[in-house]
Amino acid sequence: VQLQAFGGGLVQAGGSLRLSCAASGSIFSFNAMGWYRQAPGKQRKLVASITSSGNTNYADSVKGRFTISRDNAKNTVYVEMNSLKPEDTAVYYCNVREYYSVLSYQEYWGQGTQVTVSS
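Residues numbered from 1 in each chain as written. Predicted model: local features only at pLDDT ≥ 70, side-chain atom pairs only at ≥ 80, totals over all residues. Heavy atoms only, no water.

Q: Help me understand the environment of Gly54, please; the structure alone is not making it clear to me.
A: By the secondary structure assignment, Gly54 is in the loop between strand E5 (45-51) and strand E6 (56-58). In this structure the C-alpha to C-alpha distance between Gly54 and Arg70, which are 16 residues apart in sequence, comes to 8.1 Å. (Helix = DSSP H or I, 4+ residues; strand = E, 2+ residues; numbered from the N terminus.)

Q: Where do I start with the pairing of strand E9 (residues 90-99) in this structure?
A: The side chains of a regular strand alternate, first on one face of the sheet and then on the other. Across the 10 residues of E9, nine count as buried, placing the element largely inside the fold. Sheet topology note: the strand E4 (residues 31-38)/E9 ladder contains eight bridges and is antiparallel. Bridge pairing links Tyr36 to Tyr93 in E9. Summarising the sheet, E9 and strand E11 (residues 113-118) pair through three bridges and their orientation is antiparallel. Across the sheet, the residue bridging to Ala90 is Val115, located in E11. Here E9 pairs with strand E10 (residues 105-109) via five bridges, running antiparallel. By the bridge assignment for E10, Glu98 is matched with Gln106. A loop of five residues connects E9 with E10, the two strands running antiparallel in sequence. (Buried < 20%, exposed > 50% of the residue type's maximum accessible area, 1.4 Å probe, protein only. Pairing = 2+ DSSP bridges.)

Q: Where do I start with the pattern of salt bridges in this structure?
A: A side chain with one charge may pair with a side chain of the opposite charge, provided their charged atoms come close. Per the stated rule, a full pass over the model turns up five salt bridges. Across the pair Arg18 and Glu80 runs a salt bridge whose closest N-O atoms are separated by 3.8 Å. Within this pair, whereas Arg18 is found in strand E3 (residues 17-24), its partner Glu80 is found in strand E8 (residues 76-81), the two being separated by 62 residues in sequence. A salt bridge links Asp88 to Arg37, with the nearest nitrogen and oxygen atoms 2.9 Å apart. Of this pair, Asp88 sits in the loop between E8 and E9 while Arg37 sits in strand E4, and the two are 51 residues apart along the sequence. Accessibility expressed as a relative area gives 1% for Asp88, which makes it buried. (Salt bridge = Lys/Arg side-chain N within 4 Å of Asp/Glu carboxyl O.)

Q: Help me understand the state of the cysteines in this model?
A: Enumeration over the complete set of coordinates arrives at one disulfide. Here Cys21 connects covalently by a disulfide to Cys94, the sulfurs 2.0 Å from one another. Measuring the twist about the S-S bond at about -85°, one finds the Cys21-Cys94 disulfide to be left-handed. One end of the pair, Cys21, is in strand E3; the other, Cys94, is in strand E9, and 73 residues separate them in sequence. When sorted by exposure, Cys21 lands in the same class as Cys94, which is buried. (Disulfide = S-S within 2.5 Å.)

Q: How should I be thinking about the pairing of E8 in this particular structure?
A: Within E8, five of the six residues are buried, which leaves it mostly tucked inside the rest of the structure. Here strand E7 (residues 66-71) pairs with E8 via six bridges, running antiparallel. If you follow Ile68 over to E8, its bridge partner there is Val79. Where E7 hands over to E8, the hairpin turn is made up of four residues, of which Asn75 adopts a positive phi near 50°.

Q: How should the sheet that holds E7 be read in this particular structure?
A: Sheets are built from strands that pair by backbone hydrogen bonding, the pairs being arranged parallel or antiparallel. If you walk across this open sheet you meet the four strands as E1-E3-E8-E7, and the pairing is antiparallel. Of all the strands in the sheet, just strand E1 (2-6) and E7 have a single pairing partner and so form its edges. The mean inter-strand angle of the sheet, taken between neighbouring strand axes irrespective of direction, is 15°. Where E3 meets E8, six bridges bridge the pair, whose relative direction is antiparallel. Its bridge partner lying in E8, Ala22 is registered against Thr76. (Axes fitted to C-alpha atoms, helices over the stretch in contact; angles between N-to-C directions.)

Put into C-alpha cells, the structure is as follows:
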C-alpha cells in the first residue's frame, strides 16, 4: 500500500485547508484511515481517524474545527480543516491501518505535507 497526500500549504489564521490522501493497492476491508501531525521538536500525534465503517475519532484540539471523511471506492481520506490556528502548523501525515484483529494491524504512512498557519 502506498499513500499520496495532497493539499498542504500556507494559510492565515482563521482560514481553511483541505488535505486528501489516496491509497494505492489493496487494503484489507477492516481498516482505519487517518491523519497525524508533527510539529518541530514534538512527537507525532493523531489528528483524526475514520474506520471503514465510518466511526470517527478526533484529537480534542481539533474537535469542532476539523472534519474527516473518506471515499471507500477511491481509497481516499480527506480532512477539512477550518478556523485554523498557528498551533495547527505541522507536517501532516496520512496513515492507514489494516486490522487483522483488535490488537493486530499493519500500518502504512504517507510522505507528509506541510501545513503552515500564519498569525
